[in-house]
Amino acid sequence: MKKSLSLIAALFGSSAQAGTFLTATIDGSFSEWVGVPVLSSDGGDSGSVDIGNVQIANDDNFLYISVTYPNTLSTPTFISIDSDSNTATGFDIFSAGLVGVEASWQNDFPFTNGTGVFNNGLGMSGDFFGSGAALISSPGNVAQKEWAISLDITFNEDSSNVFDDPNFDILIWTDAGGGDVSDPISYTLATAIPEPSSIALLGLASLGLMRRQR
Ligand SMILES: [Ca+2]
Ligand SMILES: [Ca+2]
Ligand SMILES: [Ca+2]
């Protein structure tokens with residue numbers, strides 16, 4: 001009985017703490033983002049590109065990111081991922097001590113970072129275009145953008161998967177003007193929440209298990 005109860009607790013516990021399971025369409029229309037938690041809110045900086053609200057979601061195949069830009073200036077936008085959530089490895093953006101990133105995108109263009117090296121030239125492999133490029137809704141200056149990044153991409157350096165660890169940190173930033181950064185965002189890849197019917201089945205299965213153990 002203890003076993004079946006802890007299994008149920010683990011299933012519900014993990015879905016509550018993880019990110020948002022959602023399939024976004026990279027089309028410059030943002031209705032799917034309504035209701036997705038805002039993980040960093042930093043609008044209101046004057047001057048150049050102002051990183052506003054950042055939302056993140058994923059499905060089984062892609063990581064999705066949405067960023068708003070209150071003054072519609074939005075290029076360039078950089079996405080950087082600290083794949084091991086360790087500030088001591090990878091590159092420290094703006095030497096701010098917020099992240100130590102290993103994988104980055106300038107708008108949609110992919111590149112990799114080494115420890116103390118902004119671009120180590122080794123790159124990534126996988127979707128899109130075989131180079132780990134991101135799919136972006138618009139390259140120009142707009143009030144909101146969305147991205148898709150494949151969860152299958154690998155580092156050329158050692159063929160390891162960028163998203164081997166489902167827990168990682170993300171920084172959205174720009175070097176335009178005086179520069180702007182989001183908060184460092186810790187994200188955990190979400191897994192599909194069981195359908196009500198499968199939850200009911202799970203309940204029945206654990207009832208059966210409890211009976212058998214009596
Ligand atoms: Ca969309
Ligand atoms: Ca900002
Ligand atoms: Ca790191």
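Residues numbered from 1 in each chain as written. Chains lettered and ligands numbered in written order. Predicted model: local features only at pLDDT ≥ 70, side-chain atom pairs only at ≥ 80, totals over all residues.

A look at the overall build of the protein chain
When you go through the protein chain residue by residue, the secondary structure sums to 2 helices and 14 strands. Buried positions account for 31% of the 214 residues belonging to the protein chain. Expressed as a percentage of contacts within the protein chain between residues at least 6 apart in sequence, the contacts between residues at least 24 apart total 59%. (Helix = DSSP H or I, 4+ residues; strand = E, 2+ residues; numbered from the N terminus. Buried ≥ 20, exposed ≤ 12 C-beta atoms within 10 Å, placed from the backbone. Contact = placed C-beta atoms within 7 Å.)

What to know about the nonpolar core
Ranked by size, the top nonpolar core spans 38 residues in total, and within it Tyr 64, Ile 65, Ile 79, Trp 147, Ile 170, Leu 171 and Ile 172 carry the most contacts. At the level of secondary structure, the elements contributing two or more residues to this core comprise β3 (53-58), β4 (62-68), β5 (78-82), β6 (103-106), β10 (144-150) and β12 (167-174). (Core = buried A, V, L, I, M, F, W, Y, C linked by C-beta atoms within 7 Å.)

Let's talk about the pairing of β6
With 4 bridges connecting them, β5 and β6 associate as antiparallel partners. By the bridge assignment, Ile 81 is partnered in β6 with Ala 103. Inspection of the sheet shows β6 paired to strand β7 (residues 109-112) by 4 bridges, in the antiparallel sense. Its bridge partner lying in β7, Gln 106 is registered against Phe 109. Here β6 folds back onto β7 in antiparallel fashion, the turn holding 2 residues, of which Asn 107 has a positive phi close to 60°. (Pairing = 2+ DSSP bridges.)

Notes on the environment of Ala 18
By the secondary structure assignment, Ala 18 is in the loop between α1 (2-17) and β1 (20-21). Sequence spacing of Ala 18 and Thr 191 is 173 residues, and the spatial spacing of their C-alpha atoms is 7.7 Å. If sequence neighbours within four positions are ignored, Ala 18 has contacts with Thr 188, Leu 189, Ala 190 and Thr 191.

Digging into unusual backbone geometry
Geometrically, the link from Thr 75 to Pro 76 is a cis peptide bond, its omega value of 0° lying close to zero. Relative to the elements of secondary structure, Pro 76 occurs in the loop between β4 and β5. The peptide bond linking Asp 127 to Phe 128 adopts the cis configuration, its omega dihedral lying at -20°. Residue Thr 72 is not a glycine yet carries a positive backbone phi of 65°. Look at Thr 72 and you get partly exposed, because 13 C-beta atoms sit within 10 Å. Non-glycine residue Asn 107 carries a positive phi angle of around 60°. Residue position: Asn 107 is located in the loop between β6 and β7.

Here's the deal with the confidence of the model for the protein chain
Atom-level detail of predicted coordinates should not be read off regions where pLDDT is low. Summing up the model confidence of the protein chain, the mean pLDDT is 89 and the portion of residues at 70 or higher is 84%. In this model, residues 1-16 is a region of pLDDT below 50 whose contacts with residues beyond four sequence positions or in other chains number 9 contacts. (pLDDT = per-residue confidence, 0-100.)

Remarks on the environment of Gln 55
Following the sequence through the fold, Gln 55 ends up in strand β3. Here the alpha-carbon distance between Gln 55 and Val 67, two residues 12 residues apart in the chain, equals 6.6 Å.

Description of the environment of Gly 132
Following the sequence through the fold, Gly 132 ends up in the loop between β8 (124-125) and β9 (135-136). A count of 25 C-beta atoms within 10 Å places Gly 132 in the buried class. Spatially, the C-alpha atoms of Gly 132 and Thr 154 are 7.8 Å apart, while their sequence positions differ by 22 residues. Residues in contact with Gly 132, not counting those within four places in the same chain, are Pro 110, Met 124, Ser 125, Gly 126 and Ile 153.

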